[in-house]
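Analysis of the macromolecular model
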Amino acid sequence: MKLQARAIDGFLRSPDPKIRAVLLYGPDTGLVRDRAMGLGRTVVTDLSDPFRVTEMLGRAVADDPARLADEAAALSFTGGRRLIRVREAEDNVTAAFTAFLAALPPGDSLVIVESGDLGNRSKLRTLFEGADGAVAIPCYVEEEAALGRVIADILHGHGLTADPDALSFLAGNLVGDRMVARGEMEKLALYMGAETRVRLEDAQACVGDSAALSLDEPIWAAAEGDFATLDRSLARLFAEGMSPVPILRAAQRHFQRLQLVAGQVAAGKSADAAVEALRPPVFFKMKPRLTGQARRWPAPLVRQALERLVEAEADCKRTNMPDQTLCARVLFQLASLARR
């Protein structure tokens, strides 16, 4: 079954007991993981409970399909529903899940499958979207407004409220990976101590050094023509399993900000004043770097960069070329433009 976007949050809070398997997939691996953990806690509070939770890698399921049904049919030694988590799943587990969904084992266990960015032709995605006892849920990179609401909810859970400019800063600098955002909010909650109101300076002091998180490092390097840093940081992100699409989206947001600055500079403002006027505000440690980039990137060059980034994201979705190659190629092209 394929859920409508408006029904996803409700299902994640209270899943239909008739659903025995849920596929979470998409380019935002942090959102996939976050939703998997939240959904898992509707079955068992402690996700590390060895009697009620079993974790398997996708390749293990592909090698031994019968184990999936055995784990789903097993009874917990301590009672209660069981949770089976299948991580790093790809199309190679389709045969195992085809057999599983065709003859669901007895019991009420829930199988949660975590995958990457599955295309429209994915056999696994097609299987889950068409099965009555399964659900497929896409996890795309959130826009700033959506992430802002999530951040506000997380802070509320810690007894905190954020000023509008602080919330705007947090959403603008943490968009791209839900798990990174959640981790930063946990850190911010500890930082606030007994204070209950998060101000802009609090957000900048605690999260500011994370504003240029690993996701942004290759983007800043590309905008500055720093080939060595770009190569090193991009390789690290790919090695950690980061999907290219969030990187391209983050690059688009960065160059959109440069476009705003370039427009104001063309209208007669100084680069420093244009950077100062940006909202959400730029973390003070990063202002000199962004000002330097603004001098490298006049408006026509920024437009060219944005066109290439949008085209690269589209190519990731519509061609069979490796996504990592497409992402790396366009960022190195931008680095070359920055050196002109």
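As annotated in an unreviewed UniProt entry, the chain carries the name DNA-directed DNA polymerase and is attributed to Azospirillum aestuarii. Regarding the chain, the relevant UniProt record gives this comment under Catalytic activity (unreviewed entry): "DNA(n) + a 2'-deoxyribonucleoside 5'-triphosphate = DNA(n+1) + diphosphate".

1. Things to note about the overall build of the chain
For the chain, the helix and strand inventory stands at 17 helices and 7 strands. Since a compact globule built from 340 residues should have a radius of gyration of about 20 Å, the 22 Å found for the chain is in line with a globular shape. The dimensions of the chain, computed from C-alpha atoms along their principal axes, are 70 × 50 × 35 Å. Expressed as a percentage of the 340 residues in the chain, the buried residues total 51%. The long-range fraction of contacts in the chain, counting pairs at least 24 apart against all pairs at least 6 apart in sequence, stands at 76%. Within the chain, the 45 negative side-chain charges are centred at a point lying 4 Å from the centre of the 43 positive side-chain charges.

2. Comments concerning the packing of helix H13 (residues 244–266) against helix H15 (residues 287–296)
For the pair H13 and H15, the least separation of the axes is 10 Å and the interaxial angle reads 70°. With respect to each other, H13 and H15 are oriented roughly perpendicular. The handedness of the crossing between H13 and H15 comes out as right-handed. Across from His254, Leu258 and Val261 in H13, the residues of H15 making contact are Leu290, Gln293 and Ala294. Looking at the contact of H13 with H15 residue by residue, the classes come out as 4 nonpolar, 2 polar and no charged.

3. A closer look at the nonpolar core
In a soluble, globular protein the nonpolar side chains are often hidden away together inside. Core analysis: the largest hydrophobic core is formed by 68 residues, its most contacted members being Leu170, Met185, Ile247, Phe255, Trp297, Leu331 and Leu334. Setting aside its immediate chain neighbours within four residues, Leu334 contacts Ala222, Phe255, Trp297, Ala305 and Leu309. Counting residues in each nonpolar core, the second largest holds 24 residues, with Leu23, Val86, Phe128 and Ala136 among its members.

4. Remarks on the pairing of strand E5 (residues 134–138)
Most of E5 is tucked away: 5 of the 5 residues are buried. Because side chains alternate across E5, one face comprises the buried residues Ala134, Ala136 and Pro138, and the other comprises Val135 and Ile137, equally buried.

5. Let's talk about H15
For H15, the set of buried residues is Leu290, Thr291, Gln293 and Ala294. Seen from one end, H15 has its buried residues packed into an arc of 160°, which puts them on one side. The exposed residues of H15 that point more than 90 degrees off its buried face are Pro288 and Arg295.

6. Section: the sheet that holds strand E4 (residues 110–115)
Sheet architecture is open: 5 strands sit in the order E2-E3-E4-E1-E5, paired in parallel fashion. A single partner strand is all that each edge strand has here, and the edge strands are strand E2 (53–57) and E5. Direction aside, the axes of adjacent strands within the sheet are offset by 15° on average. Note that E2 and strand E3 (residues 83–89) share 5 bridges and pair parallel. In the strand pairing of E3, Thr54 is matched with Ile84. Contacting E2, E3 and E4, helix H4 (residues 65–73) crosses the sheet at an angle of about 170° to E2. Taken strand by strand, helix H6 (residues 123–130) contacts strand E1 (21–25), E3, E4 and E5, and its axis lies near 135° from that of E1.

7. Focus: the pattern of salt bridges
A complete count under the given rule lists 18 salt bridges for this structure. A salt bridge links Arg182 to Asp34, with the nearest nitrogen and oxygen atoms 2.5 Å apart. In this pair, Arg182 is assigned in helix H9 (residues 178–192) and Asp34 in helix H2 (residues 29–40), connecting sequence segments 148 residues apart. Relative accessible area serves as the criterion here: at 8%, Asp34 is assigned to the buried category. Residue Glu276 pairs with Lys287 through a salt bridge whose shortest N-O separation is 3.1 Å. You can see Glu276 sitting in helix H14 (residues 271–276) and its partner Lys287 sitting in helix H15, a full 11 residues away along the chain. Bridged by salt links that share partners, the residues Glu55, Arg85, Arg87 and Glu114 form one connected network.

8. Quick look at helix H12 (residues 227–239)
Over its 13 residues, H12 runs 18 Å from end to end, which matches the ideal 18 Å to within 8%, given 1.5 Å per residue. Residues Thr229, Leu230, Ser233, Leu234, Leu237 and Phe238 constitute the buried set of H12. Buried positions in H12, seen along its axis, are confined to an arc of 150° and lie on one side of it. H12 presents Ala228 and Ala239 as exposed residues on the side facing more than 90 degrees away from its buried surface. For H12, the secondary structure elements touched by its buried residues are helix H11 (217–223), H13 and helix H17 (323–338). At the C-terminal side of H12, Gly241 shows a positive phi close to 90°.

What counts and what doesn't
- Residues numbered from 1 in each chain as written.
- Predicted model: local features only at pLDDT ≥ 70, side-chain atom pairs only at ≥ 80, totals over all residues.
- Heavy atoms only, no water.
- UniProt positions renumbered as here; feature names shortened; annotations may be inferred.
- Helix = DSSP H or I, 4+ residues; strand = E, 2+ residues; numbered from the N terminus.
- Rg over C-alpha atoms; globule rule 2.2 N^0.38 Å.
- Buried < 20%, exposed > 50% of the residue type's maximum accessible area, 1.4 Å probe, protein only.
- Contact = heavy atoms within 4.5 Å.
- Lys, Arg positive; Asp, Glu negative; His and termini not counted.
- Charge placed at Lys NZ, Arg CZ, Asp CG, Glu CD.
- Axes fitted to C-alpha atoms, helices over the stretch in contact; angles between N-to-C directions.
- Parallel < 35°, antiparallel > 145°, perpendicular 65-115°, else oblique.
- Left-handed = near helix turned anticlockwise from the far one by under 90°.
- Nonpolar A, V, L, I, M, F, W, Y, C, P; charged D, E, K, R; others polar.
- Core = buried A, V, L, I, M, F, W, Y, C linked by side-chain atoms within 4.5 Å.
- Arc of directions from axis to C-beta.
- Pairing = 2+ DSSP bridges.
- Salt bridge = Lys/Arg side-chain N within 4 Å of Asp/Glu carboxyl O.
- Expected span 1.5 Å × (residues − 1).

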